[in-house]
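Understanding the architecture of this molecule
Each chain is listed here by its residues.
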Amino acid sequence: MKNFFLKMKLKNKMIFLILLTTSVIFFAVIVYLTSRSRSVEIANAKDLTESTGKNYANEFSGYLNYSMDIARSLAHNSKALVEAGDPQRVVLDKMLERTLKENPEFLAVWTRWEPNAFDGLDSAYIASDWGTLSGVFDLNFYYSNGDIVRYVDMTTDPEEEEEIEYGPYITIPKETMREALLDPYYYSFTNKPEDEILMTTASVPVIIDGVYHGVLAVDIELESFFDITAGIELYESGFGKLISTDGTLVAHPQMHFIGEPAYEYIKQETEVIEAVQEGKPLIITEHSYDLGEEALRIYTPIQVGNAPTPWSFTLEVPVSEIKAAANQRLIIGILLGLLALGILFTVIWQIARYITSPVVKTTDVLNTLSAGDLNNVKPLEIRKEEDELAQMAKATNTLIEGLKNTVSFARDIGQGKLDLEFNLLSNKDMLGKALLSMRDSLIKANKEEIKRKEEDKKRRWATEGYAKFNEILRYDNDDLQTLSYKIIKNLVEYLDSVQGGIFVINDEDENDKFLELTACYAYDRQKFLEKKIMIGEGLLGTCFLEGETTYITEIPESYVKITSGLGEEKPSSLILVPLKLNEEIYGVIELASLNKFEQYQIEFLEKICESIASTISSLKINIRTAALLRKSQKQAEELKAQEEEMRQNMEELAATQEEMARKTSEMKSILDALDASSFIIEYDLNGYIQKISDSFLNFVGMEKEEVIGTHHSDKIVFTREQKKEYDHFLQDLRNGKIRKQETELNIKRKTIHVAETYAPMFDQNGKPYKIFKIAYNITESKMAIKKLEEEKKETEEKLKKCFEQKEKLQKRKNKKNI
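Each chain has its residues counted from 1, following the order in which its sequence is written. The model is predicted, so local features are restricted to residues of pLDDT at least 70 and side-chain atom pairs to those at 80 or more, both for listing and for counting; the totals for chains, interfaces and linings are taken over all residues. Processing note: side-chain calculations cover all non-hydrogen atoms of the structure and skip hydrogens and water entirely.

**A word on the overall build of the protein chain**
Definition in use: A helix here means a DSSP run of H or I that spans at least four residues, while a strand means a run of E at least two residues long, and both kinds are numbered starting from the N terminus. Throughout, exposure labels follow a simple rule: accessible area from a 1.4 Å probe, protein chains only, divided by the maximum for the residue type, with under 20% read as buried, over 50% as exposed, and the rest as partly exposed. It only takes one pair of heavy atoms within 4.5 Å for two residues to be counted as in contact. For every accessible area listed, the method is Shrake-Rupley and the probe measures 1.4 Å; residues are considered covered only by the protein chains on display.
Within the protein chain one finds 18 helices and 27 strands. The buried share of the protein chain, reckoned over its 818 residues, is 36%. Look at the contacts in the protein chain between residues 6 or more apart in sequence, and 55% of them connect residues 24 or more apart. With the model as given, the accessible surface of the protein chain reaches about 50,400 Å², and the carbon-plus-sulfur share is 53%.

Below you can see the structure in the form of structure tokens.
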């Protein structure tokens, strides 16, 4: 059997293997489908029913949540009115009416507020609708015969308020202080039983600072949900129904069931009630009262806002219809499989015949290629059909052409033609990639050789530059102007610039340091200019201050111009390099060029500037040393002349000292006399006590440590005018003026009046350096004056009373005479 199969033609092998494999797979699939079709169909039915249930639940949820969102928005806006501090019930009135107009599907929009929870109405509005501010009020807008009716109710009697029994649409949000979706209930806006409508209410409480103030609500009509459930089509007998938290049928395809309890005919009642009330999904299979047989029932929860009363949408599908659909699909699958098996045999025979012919031709070409004979290989004929055989022929022809191109490319690389392009057969063309890699390696080697030569050229250029400028700095370092000119001239020429300048710090005056232009050069000519740049001024001053190289290619129009006999031109680049040595900056070099400065030129310039800074540092030290030497010689001569003058001055000084000793003794006697007869205090210019006489300390009963360092204003009882003029008073003393005044002091609960004279003390330059005060105790005279004033005032009061009594007696006398 094995040898027979090996000797078979390719076409017969294909037919045999494909038919054998297909038959085995076909019968295995039939067996598998028979055992799995029912369970798969039930699983699919569950998925379909669950998906359909979610879609319809989302439709119901969208409408109910929209109603809850409207109520929440009204509650939020009402809360904002109250929190704003000026609530207007007119605004609330219009807000509810507009909401009902914009949502005609609602039955009513209403609100109820606690006593005094919504104040701020105007008197006209009170008189017309609301009565007084106290009490509970309800405001209701509802549709009646297509028109919006406004209803207002007001309860002002607290006892009457306690007797009223409110429905759950008010009690639930008030007690739970949460959003609420009520269980369905019948209600009539006309109070007529025949007008009752099945409805529910979405209500949102108004909570401010944790206190219940009122409720905003929307009434929703539920009978319209019948149209949704009546339109559900799932299998032949499947249907849906909507159940509220308390088990009331809100929607059902049979109208007479709406409003009835839903749990009466459910065996697993406890499990279903728990799932509905807790908002959990549930899938069960049990006997259906509505269908009269076993059914698949899926409960999908509907959560409305954050209300604790979820509803549930239920879909029921008969299990018999699910199994029937599975059996029908199985029979159809078997018949189609047998038909497909017969068709497959015919197609496979044609395919095998169609494939084998081009495969034989392709094999011959590949045998020729395997021998490496590219000259005698012929391309395959490509069929018009765009199938795999045509693609195989195209691929073979592409391979032939690619191999020929590869051989030609390899030959060109060997001849040094590295700039030729080569197209890969594909991203997986390993031979082509190897050739391209070899070409790229050769190109890279050539570029590296060119780069190495360029680097060698730059290094030679830099080395020659270092040698050249080191020679300049070594032999021309005795004059700053000459050295600066030679440096800038050679830098401009060596860096192929057009002009440049060297600025050196002038620090002869420590308080007035600036950058001084010591030399500049342009177009092979020396320019003699006087230029002074302050530190931090412009680009040069900033470069000096920051100590970093500044390279600019976008130069402002007015900064610099390159001038020649042909006219003016703005440079292409500008570089400023600080002359820095050991973090100390001695100046700045500025170069302008019509070309861009290369990085190696910038690095060369920065290193040269370090050497220039070192040379300028040494040069400035030498200049200072020479100047100091000349100055010391001059000072020696002056010192000799001053010695004779000093001898004469010493003799005069001795006489002066004797006179000063005599005057000092006299001054001490005067101060001692003043200290005994008056109070003496010395202050600094800020008003703090530095020295105080013992007579004053004894008078006030204080120690010197308690007083020294305290401020002049301490213990002083200011008059209103003195308080305003106090700063002016101190400033006058600092300016050298003498001031006199009378001051009231409060020391240890003792009031003292003193007459003070303040005199500034001057140093040898005529500037005040402290304040000297002499004070006299005038407390007794002040008290005597005060006592006289009080006696005067008392006398005036007595005189006034005498005159008043005299006037009364005169009036009585005149009346008696009349």
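**Quick look at the packing of aromatic side chains**
Rule in force here: Two aromatic rings from Phe, Tyr or Trp, using only the six-membered ring of Trp, form a pair when their centres are within 6.5 Å; if the ring planes differ by under 30 degrees the pair is stacked, by over 60 it is edge-to-face, and anything between is tilted.
For the structure shown, the criterion picks out 18 aromatic pairs. For the pair Tyr-187 and Phe-189, a centre-to-centre distance of 5.1 Å together with 85 degrees between the ring planes defines the contact as edge-to-face. Residue Tyr-187 is classed as partly exposed on the basis of its relative accessible area, which comes to 31%. Judged by its relative accessible area of 18%, Phe-189 falls in the buried class. Arranged with centres 6.4 Å apart and planes meeting at 40 degrees, the rings of Tyr-683 and Tyr-758 form a pair that is tilted. Placement of Tyr-683 in strand β22 (residues 679-683) and of Tyr-758 in strand β26 (residues 750-762) is noted, with a sequence separation of 75 residues between them. For the residue pair Tyr-683 and Tyr-758, the accessibility class agrees, reading buried in each case. An aromatic cluster of three or more residues is present, and its members are Trp-461, Tyr-466, Phe-469, Tyr-494, Tyr-600 and Phe-604.

**What to know about the pairing of strand β10 (residues 282-288)**
For the record, the criterion: We call two strands paired when DSSP finds no fewer than two bridges between them.
Two strands pair when backbone bridges link them, and β10 and strand β11 (residues 293-302) are joined in this way by seven bridges, in the antiparallel orientation. Residue pairing for β11: Leu-282 is matched across the bridge by Tyr-299. Between β10 and β11, which pair antiparallel and follow one another directly, the connecting turn spans four residues, one of which, Gly-292, has a positive phi of 75 degrees.

**Observations concerning the nonpolar core**
Rules: In these notes, a set of buried Ala, Val, Leu, Ile, Met, Phe, Trp, Tyr and Cys residues joined through side-chain atoms within 4.5 Å is what counts as a nonpolar core.
Core analysis: the largest hydrophobic core is formed by 51 residues, its most contacted members being Leu-242, Ile-302 and Phe-313. The leading source of residues in this core is helix α2 (residues 10-83), at 11 residues. Trp-461, Tyr-494, Ile-575 and Ile-589 belong to the second-largest nonpolar core, a separate cluster that totals 34 residues.

**Looking at a nonpolar patch on the surface**
We count it as follows: A patch consists of residues whose relative accessible area exceeds 30% and which take part in no salt bridge; residues with like charges are grouped when within 9 Å of each other, and nonpolar side chains (Val, Leu, Ile, Met, Phe, Trp, Tyr) when within 5 Å. We define a salt bridge as a side-chain nitrogen of Lys or Arg found within 4 Å of a carboxyl oxygen belonging to Asp or Glu.
Residues Phe-16, Leu-17, Leu-20 and Val-24 make up a contiguous nonpolar surface patch of about 350 Å² in total accessible area. The exposed category is assigned to Val-24, whose relative accessible area is 53%.

**Quick look at the pattern of salt bridges**
Taken as a whole, this structure holds 22 salt bridges when the rule is applied. The closest approach of N and O atoms between Lys-532 and Asp-512, which form a salt bridge, is 4.0 Å. Pair noted here: Lys-532 is in strand β16 (residues 532-534) and Asp-512 is in the loop between β13 (499-506) and β14 (514-522), with a separation of 20 residues, a long-range link. Given the relative accessible area of 45%, Lys-532 is considered partly exposed. Classification of Asp-512 by relative accessible area gives partly exposed; the value is 29%. Among the ionic pairs, Lys-737 bridges to Asp-732, the shortest N-O distance being 4.0 Å. Classification of Asp-732 by relative accessible area gives buried; the value is 7%. Each of Arg-112, Glu-114, Asp-138 and Lys-174 takes part in one network of salt bridges that share partners.

**Considerations on the sheet that holds strand β8 (residues 239-243)**
Heads up, the rule is: All axes are obtained by fitting lines to C-alpha atoms, using only the stretch in contact for helices, and the reported angles, taken between N-to-C directions, cover 0 to 180 degrees.
As summarised here, the arrangement of the five strands in space is β9-β8-β12-β11-β10, forming an open sheet in which the pairing is antiparallel. Of all strands in the sheet, those bounded by a partner on one side alone are β9 (249-251) and β10. Between one strand axis and the next, the sheet turns through 35 degrees on average, direction left out of account. Inspection of the sheet shows β8 paired to β9 by two bridges, in the antiparallel sense. The residue bridging Ile-243 from the neighbouring strand is Leu-249, located in β9. Of the strands in this sheet, β10, β11 and β12 (311-318) are in contact with helix α8 (residues 269-278), which crosses β10 at around 140 degrees.

**Overview of the environment of Glu-780**
Note on placement: Glu-780 falls in helix α18 (residues 779-817). Using a relative accessible area of 70% as the deciding quantity, one classes Glu-780 as exposed. When the C-alpha positions of Glu-780 and His-753 are compared, they lie 8.3 Å apart, and in sequence the two are 27 residues distant.

**Remarks on the state of the cysteines**
Filter applied, for reference: Note that a disulfide, as used here, is simply two cysteine sulfur atoms within 2.5 Å.
The final tally for this structure, using the stated rule, is zero disulfides. Sulfur of Cys-543: no disulfide; nearest cysteine sulfur belongs to Cys-609 and is 9.1 Å away.

**Focus on the pairing of strand β23 (residues 689-692)**
Consecutive side chains along a regular strand alternate between the two faces of the sheet. Here β22 runs beside β23; their pairing, made up of three bridges, is antiparallel. If you follow Ile-681 over to β23, its bridge partner there is Ile-692. Hairpin connection from β22 to β23: five residues lie between these consecutive antiparallel strands, with Gly-687 at a positive phi of about 90 degrees.

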